[in-house]
Amino acid sequence: TGIRGTMLYSDDSGDTFEACASVPGGAWLNPQSGQLHTDEPVTRVYDVVKLMDGRLLIGTGNRTGDVFVSGDDCASWEWGGDTEDNIVTWGLGQTADGKVWISTGSRGGDVYTADP
């Protein structure tokens, strides 16, 4: 939700929701001013996938199209990599062979793959 990258989850089919840990925002470089900003969260969550091994994978965006992974039901997040100069990770998926697919956009429209 919003620019703070807060994830919500429900254990009762959507009747109620609880917040998870917010996704880290990181630093971002303002292309107009060249100034490095480190004091504000700048991440939005665009896609969430539960991987076959139970971990959560999220694609983020707005300043950088980073990917984050959580192995503890979103209590904490590990950085899983960025998508170079793409500023949004639009889609995530996992195929039956376990390969993870990441689609990006806003600058390049690239597709990345990774083994789990």
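Here the residue index of a chain counts from 1 through its sequence in written order. pLDDT decides what is reported in this predicted model: residues at 70 or higher carry local features, side-chain atom pairs at 80 or more are listed and counted, and totals for whole chains, interfaces and linings draw on all residues regardless. The basis for the side-chain values is all heavy atoms of the structure; hydrogens and waters are excluded.

## Overview of the overall build of the protein chain
Part 1 of the argument: Under the DSSP-based scheme used, a helix requires at least four consecutive residues in state H or I and a strand at least two consecutive residues in state E, with every element numbered from the N terminus. On a plain count of helices and strands, the protein chain comes out with zero helices and 11 strands.
Part 2 of the argument: When its helices and strands are written in sequence order, the protein chain yields β-β-β-β-β-β-β-β-β-β-β.
Part 3 of the argument: Taking all 116 residues of the protein chain together, the buried fraction comes to 34%.
Part 4 of the argument: Residue pairs at least 24 apart in sequence account for 28% of intrachain contacts in the protein chain once pairs closer than 6 positions are excluded.
Part 5 of the argument: Accessible surface, the protein chain: about 6,900 Å² in total, of which carbon and sulfur atoms supply 49%. Exposure categories follow from relative accessible area, calculated using a 1.4 Å probe and restricted to protein chains: below 20% of the type maximum is buried, above 50% is exposed, and the middle band is partly exposed. Residue contacts are counted whenever heavy atoms from the two residues lie within 4.5 Å of one another. Using a 1.4 Å probe, the Shrake-Rupley method yields the accessible areas, and only the shown protein chains count as cover for residues.

## Examining the confidence of the model for the protein chain
Part 1 of the argument: Each residue carries a pLDDT score, the predictor's confidence in it, ranging from 0 to 100. Overall, the predicted model of the protein chain reaches an average pLDDT of 78, with 73% of residues at or above 70.
Part 2 of the argument: Within the protein chain, the element-level pLDDT minimum falls on strand E3 (residues 28–29), averaging 57, and the maximum on strand E9 (residues 88–94), averaging 88.

## Quick look at a negative patch on the surface
Part 1 of the argument: Like-charged residues within 9 Å of one another, or nonpolar side chains (Val, Leu, Ile, Met, Phe, Trp, Tyr) within 5 Å, are grouped into patches, provided each residue has over 30% relative accessible area and no salt bridge. For salt bridges, the criterion is a side-chain nitrogen of Lys or Arg within 4 Å of an Asp or Glu carboxyl oxygen. For the purpose of counting charges, residues Lys and Arg are taken to be positive, whereas Asp and Glu are taken to be negative. His and the chain ends are not included. One atom stands in for each charge, and that atom is NZ of Lys, CZ of Arg, CG of Asp or CD of Glu. A cluster of acidic residues, Asp11, Glu18, Asp72, Asp73 and Glu78, forms a negative patch at the surface.
Part 2 of the argument: The topology assignment puts Glu78 in strand E8 (residues 78–81).

## Some details on the pairing of E9
Part 1 of the argument: Pairing of E9 with strand E10 (residues 100–105), which is carried by six bridges, proceeds in the antiparallel orientation. Within E10, the position partnered with Thr89 by the bridge is Thr104. For two strands to pair, DSSP has to find at least two bridges joining them.

## Quick notes on unusual backbone geometry
Part 1 of the argument: Positive phi outside glycine occurs at Asp73, with the angle close to 55 degrees.
Part 2 of the argument: Counting through the fold element by element, Asp73 comes out in the loop between strand E7 (67–70) and E8.
Part 3 of the argument: Using a relative accessible area of 58% as the deciding quantity, one classes Asp73 as exposed.
Part 4 of the argument: With a phi angle near 75 degrees, Cys74 is a residue other than glycine that sits in the positive phi range.
Part 5 of the argument: As for its position among the elements, Cys74 is in the loop between E7 and E8.

## Focus: the pairing of E10
Part 1 of the argument: The antiparallel pairing of E9 with E10 creates a hairpin that spans five residues between the two strands, and Gly98 there sits at a positive phi of about 95 degrees.
Part 2 of the argument: Relative to strand E11 (residues 111–114), E10 runs antiparallel, the two sharing four bridges. Bridge pairing in E11 links Ser103 to Val111.

## Considerations on the pattern of salt bridges
Part 1 of the argument: Evaluation of the coordinates by the stated rule reveals one salt bridge.
Part 2 of the argument: With a closest N to O distance of 2.7 Å, Arg55 and Asp53 form a salt bridge.
Part 3 of the argument: A relative accessible area of 27% means that Arg55 is categorised as partly exposed.

## A closer look at the packing of aromatic side chains
Part 1 of the argument: Two rings from Phe, Tyr or Trp (for Trp, the six-membered ring) form a pair when their centres sit within 6.5 Å of each other. Planes less than 30 degrees apart are called stacked, planes more than 60 degrees apart edge-to-face, and all others tilted. Under the definition given, this model contains one aromatic pair.
Part 2 of the argument: With centroids separated by 5.0 Å and ring planes inclined at 70 degrees, the aromatic side chains of Tyr46 and Trp90 adopt a geometry described as edge-to-face. Of this pair, Tyr46 sits in strand E5 (residues 44–50) while Trp90 sits in strand E9, and the two are 44 residues apart along the sequence.

## Quick word on the side chain of Ser70
Part 1 of the argument: Mapped onto the elements of the fold, Ser70 is located in strand E7.
Part 2 of the argument: A polar side-chain atom of Ser70 sits 2.8 Å from the main-chain amide nitrogen of Cys74.
Part 3 of the argument: In this view, Ser70 contacts Arg55, Leu56, Ala75, Ser76 and Trp77; residues no more than four positions away in its chain are not counted. Polar contacts, as counted here, are pairs of nitrogen or oxygen atoms within 3.5 Å of one another; within protein the pair requires one atom able to donate a hydrogen and one able to accept it, and residues that are adjacent in sequence qualify only if both atoms are side-chain atoms.

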